[in-house]
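Analysis of the macromolecular model
The residues making up each chain are set out below.
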Amino acid sequence: MMLRRTTLFTALSLLLLYGLTGCVYYNTFYNAKKEFNTAEKMRKQSGTGSQSSYKNAIEKSLKVLEDHPNSKYYDDALYVVGASYYHTQQYSKAERRFRELLANFPESEFARQSMVYLAQSKLKLSDHDAAIELFEEIFAGDYDKSYKADAAMELGLYHAEEKDPERARGFFLSIRDSLGNDQQKLTAQSHLADSYFDQFAFSDALKAYLQILGMKPDKNLKYRALHRSAVCSYRLQRINTGLDYLDELAKDQIYYDSLGAIKLTKATGYEYLGDLSMAEATYEDVISTSDNNNWSTIANYQLGLIYQFDYDDLTTAKEYYDKAVRGNQSLDAGKDAVQRSADIAKLQMIEAKQKANREADEEARKEALKKKSDSTAVPSATRDTTLPADSTEPLTDSVTVDSLFETVDEVDSIAINAAADSLENLTRMADSLVADSVSNAARLADSLIADSVKNAARLADSLIADSIRNAAQATDTVSAVSVDSLIRIVNNADTVTSDSLAPAVVPTDSLSIDSLTPAVMPDSGAVDSTLTDSTKATSDAEEIAQQSQRMKAMQQTPTLAKAAPTPEQQARADSIAAERKRVAKLEADADIIFQLAELYWFQLNKPDSAIAELKGLISDYSTTSYAPRAMLALSTMYREHLTDTLGADSILQEAYRIYANTDYAPEILGLMGKVGTTEDKGYPEYYYRLAENYLIDSSNADSARYYYQYIIDSFPNSSLGVQARFNIAYILENYQSPGDSSVIFAYEAIIDSFPGTPQAQEAEKRITYKAPAKKQYIQPDKVKESERDDIKQGDPQVATPIKTDEADTTGRYIDPKERIYKGPKDEQLILLDIKPIETRIEFDYPAEASSIEGYQFEVYFQILLDFSGKVIDFELKSPAPHDEINRRAELTVGSMSFDPLEVNKELTRKSEMITLPEDQEDPRGRWYVYKYIVEKPDYLK
């Protein structure tokens, strides 16, 4: 009896415990389902469910899944957890729970909805292929209409993004016509209308937008449908119909806040109708009544366009553009207004320059007429016959201005005129002059003071001989015999003294004998070799040498004062200076016209004006460097604007005829489609490539040097001449080192003759290099509190280089490229070839650097990074060719921060010695080389 009671008590206790446990478990899931249903109800009403309710549902459902895996509510709990994960953006967890439900409970009442959620989760996880496959299975399968509608919506959106509008519209139509509820049908119709609009099917789009109006849209969708209907009507040339749709919107008070945007669209319609006065009044109304800065910006911009293109009033257009710029520069209208305002300002500046030039030319013309009138009383025999400063007569094609200056400046006109005939005439003139002046020569030798004799000898030995030989080489008609005969004539004629000779042979302005020689005498041995062809020349040379020795024997030689130039010499010098001034003025005037043509063509959309300007430039400034550029641009305009292919080709053929041996030949050949043909040769770049190939590919320094020198001798006006001279010096230094100072002299010649050029700067580095100044580390705690207070909170912090005047005085030469990778303590640096994760000050290309050549510049820095990857110090090592570019690049690079993990990966990959020696460590961090690339904006190219 006692045992039976004990067993009964135990059974009752277990039943009670099980009941209590089941009650707790059921209550837990009941509360989870309650939280989930609350969140779902809110989501269906407002579009967003309660995040806290979803999280509570997850927490309580997980207890069921973990503690009661055999519960009959397990599939229900899986669905609640998965859906809650999905709506709290935990898509990976949601996808895992829905796969578990479908795998273990394929017959569950939640299986079909789980399939939809699984497909949506995969779509969110960018597993598009699997998601679309699931949606297609749902759409084609035996699912409820609501599930099929969800699948069709996702499939339609997917194909729309994949640029398959036809297929996308099929799914939207299935929702609208059969599958969807009212809201889904309205959404599908909106997507359908947008699809037609995006494909420029404006007739179908208009019908679709008007259909939306009959489907009880909310206020936002109604506004969109009516506004798009107006735009479609504009595109279909039904302007008044479009204005009616906009009036319907404007009359509805609910859209009062959008009235400015409605008016902007109406103003566009008035422009389409050609009613510019009504359009202008509407834009002005937007500006005066709207508080929206963006709308005012657009209205001012549109008014600028009207005044620029319809009224051709650039001054007023610029005023409106400037107002748009002051409104909001971040809008597309604001950005374009900046550029258009700048273009008009540039046009006004160019026109002002042209006006000033015309006034100056008129004043010069009047002055010339006055001088001519005053000179009528002067006898014709004494008049100056030199070229007037305002003459515009072009020079002969075969004679360059520079060669004319050098020839006239270096050689007496008598010698040139005599040398132009023949050797026989010169010899006869020499014999005659010598015969007439034998007795006078002896008397001159006895009476001439010692200083005059010595200076005359020096002039005879050097300047005269070199000058006449150069003239002979330039004219190709004088042989060595005539050269030495002329020397003998000058030294023996009693009418020539050192006083009268000196002004004629001393180079004018900046010209020198050395600068003349490369242009007119490429082979210095050619003239000397001709001396052996005549015994008369030898005897003349010996006579000159003996006379020189006699005069040099006189020891007391006080300096002879330089004689004043004769009137004829002064007139000739003035004529040369005037000619140079005239040529420089022609170049400046042509530059203005070319800029004006570019502005008309590229910015102001006036191609006909651009063509007219270029034609005038080619006609009136044919001797300037802008003439070939104008011909190339004109051929492009003929081809693109006038669609005159024959005319464009004719211009190119004429350009090639004139400029086949110039720097413009490659571009001309490229436009003619003849690159790589038999005609693709004979210009400076062709020979430069030959030299480069010999030097780089074949290591044949002699042949490379030959072709570099050929460029210098044969193309004195080529832009490659300076680089060819530098390359010759480079070859001399690295391939043919003579062991003396000739390399330094070669670089110094480039520095002296071409100051300011990149080649001169590099030459100076090669012969005057000093190591960069050492940096001084300042402890943070030593920074004054007053200096810290000067740093505004919230301002972008930019690293500032700290330098001292202490420099390396070893004088050891280091190659510039090698120098970039030598740190402040001579440590080896690596190139940090990664992108920054943050740049607090973005680079803004300076407008003042728009005229420099090149579209991209590589600026090398040495940067110091702290442990966090922030730039805390830097030094510019290889600058761009403009100071403002370098200054802004420094601001940008100094504000950068890099991912320290990526920095370490780069260091490990490129450096074998990770740890620096103690004497090369910087307590602030580590130094790297960083290449910052500056690109010129497209609108400046």
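Please refer to the structure placed before this passage.
Residues numbered from 1 in each chain as written. Predicted model: local features only at pLDDT ≥ 70, side-chain atom pairs only at ≥ 80, totals over all residues. Heavy atoms only, no water.

As summarised here, the arrangement of the three strands in space is β3-β2-β5, forming an open sheet in which the pairing is antiparallel. Looking at the sheet topology across the chains shown, the edges are occupied by β3 (871-878) and β5 (926-935). Across the sheet, the mean angle separating the axes of adjacent strands is 30 degrees when strand polarity is ignored. With ten bridges connecting them, strand β2 (residues 856-865) and β5 associate as antiparallel partners. What sits directly across from Tyr860, in β5, is Lys931. (Pairing = 2+ DSSP bridges. Helix = DSSP H or I, 4+ residues; strand = E, 2+ residues; numbered from the N terminus. Axes fitted to C-alpha atoms, helices over the stretch in contact; angles between N-to-C directions.)

Attention now goes to the packing of helix α29 (residues 607-620) against helix α30 (residues 626-640). Interhelical geometry of α29 versus α30 gives an angle of 145 degrees and a closest axis separation of 9 Å. Taken as a pair, α29 and α30 cross one another with a handedness that is left-handed. Between α29 and α30, the residues in contact are Ala610, Ile611, Leu614, Lys615, Leu617 and Ile618 and Tyr626, Ala627, Ala630, Met631, Ala633, Leu634, Met637 and Tyr638, respectively. Residue classes in the contact of α29 with α30 are distributed as 13 nonpolar, no polar and one charged. (Left-handed = near helix turned anticlockwise from the far one by under 90°. Contact = heavy atoms within 4.5 Å. Nonpolar A, V, L, I, M, F, W, Y, C, P; charged D, E, K, R; others polar.)

Before going further, it helps to spend a moment on unusual backbone geometry. With a phi close to 55 degrees, Asn605 is a non-glycine residue in the positive phi region. With respect to the secondary-structure elements, Asn605 resides in the loop between α28 (567-603) and α29. The exposed category is assigned to Asn605, whose relative accessible area is 56%. For Thr643, which is not glycine, the phi torsion reads 50 degrees and is therefore positive. Within the fold, Thr643 resides in the loop between α30 and α31 (645-659). Overall, Thr643 belongs to the exposed group, its relative accessible area being 61%. (Buried < 20%, exposed > 50% of the residue type's maximum accessible area, 1.4 Å probe, protein only.)

The buried fraction of β2 is high, at eight of ten residues. Sheet analysis places β2 next to β3, joined by six bridges and oriented antiparallel. Counted as the bridge partner of Gln862 is Glu875 from β3. Counted between consecutive antiparallel strands, the loop separating β2 from β3 contains five residues, among which Gly869 sits at a positive phi close to 90 degrees.

Here Ile658 shows up in helix α31. Sequence spacing of Ile658 and Pro628 is 30 residues, and the spatial spacing of their C-alpha atoms is 8.7 Å.

Moving on, we come to the environment of Phe29. Locating Phe29 in the fold gives a position in helix α1 (residues 2-46). Sequence separation between Phe29 and Ala57 is 28 residues; the distance between their C-alpha atoms is 8.5 Å. With near-sequence residues (within four places) excluded, Phe29 lies in contact with Val64, Tyr73, Asp76 and Ala77.

A word on the side chain of Gln120. If you trace the backbone, Gln120 turns up in helix α5 (residues 111-124). Looking at Gln120, the relative accessible area reads 12%, which means it is buried. Beyond its immediate stretch of four places on either side in the chain, Gln120 contacts Tyr86, Phe135 and Glu154.

Compared with the 24 Å implied by 1.5 Å per residue over 17 residues, the 24 Å span of helix α7 (residues 145-161) between its first and last C-alpha is a close match. Of the surrounding elements, those touching the buried residues of α7 are α5, α6 (128-140), α8 (165-179) and α9 (182-198). Downstream of α7 by a residue or two, Lys163 has a phi angle that is positive, lying close to 60 degrees. (Expected span 1.5 Å × (residues − 1).)

Let us look at the packing of aromatic side chains. A complete count under the given rule lists 36 aromatic pairs for this structure. On the basis of an interplanar angle of 65 degrees and a centroid distance of 6.2 Å, the ring pair of Phe36 and Tyr54 is categorised as edge-to-face. With Phe36 in helix α1 and Tyr54 in helix α2 (residues 51-67), this pair connects stretches of sequence that are 18 residues apart. Each member of the pair Phe36 and Tyr54 is classed as buried. When the centroid spacing of 4.8 Å and the interplanar angle of 55 degrees are considered together, the rings of Tyr687 and Tyr710 count as tilted. Here the residue Tyr687 occupies a position in helix α33 (residues 684-697), and Tyr710 occupies one in helix α34 (residues 701-714), the gap between them amounting to 23 residues. Owing to a relative accessible area of 16%, Tyr687 belongs among the buried residues under this scheme. Here Tyr710 falls in the partly exposed class, since its relative accessible area comes to 30%. Taken together, the ring pairs connect Phe36, Tyr54, Tyr79, Tyr86, Tyr91, Phe98, Phe110 and Tyr117 into an aromatic cluster. A cation over a ring is seen here: Arg112 above Tyr143, with NZ or CZ 4.8 Å from the ring centre. (Phe/Tyr/Trp six-rings, centres within 6.5 Å; stacked < 30°, edge-to-face > 60°. Lys NZ or Arg CZ within 6 Å of the ring centre and 35° of its normal.)

The next point concerns the pattern of salt bridges. Tallying each qualifying case throughout the model produces 36 salt bridges. Across the pair Asp336 and Arg340 runs a salt bridge whose closest N-O atoms are separated by 2.7 Å. Here the residue Asp336 and the residue Arg340 both occupy positions in helix α17 (residues 332-374), the gap between them amounting to four residues, near one helical turn. With a shortest N-O distance of 2.7 Å, Glu579 and Arg582 are connected by a salt bridge. Linking Glu579 with Arg582, this pair stays in helix α28, spanning three residues, or about one helical turn. Each member of the pair, Glu579 together with Arg582, is buried. Look at the salt bridges and you will find they share partners, linking Glu95, Arg99, Lys122 and Asp127 into a network. (Salt bridge = Lys/Arg side-chain N within 4 Å of Asp/Glu carboxyl O.)

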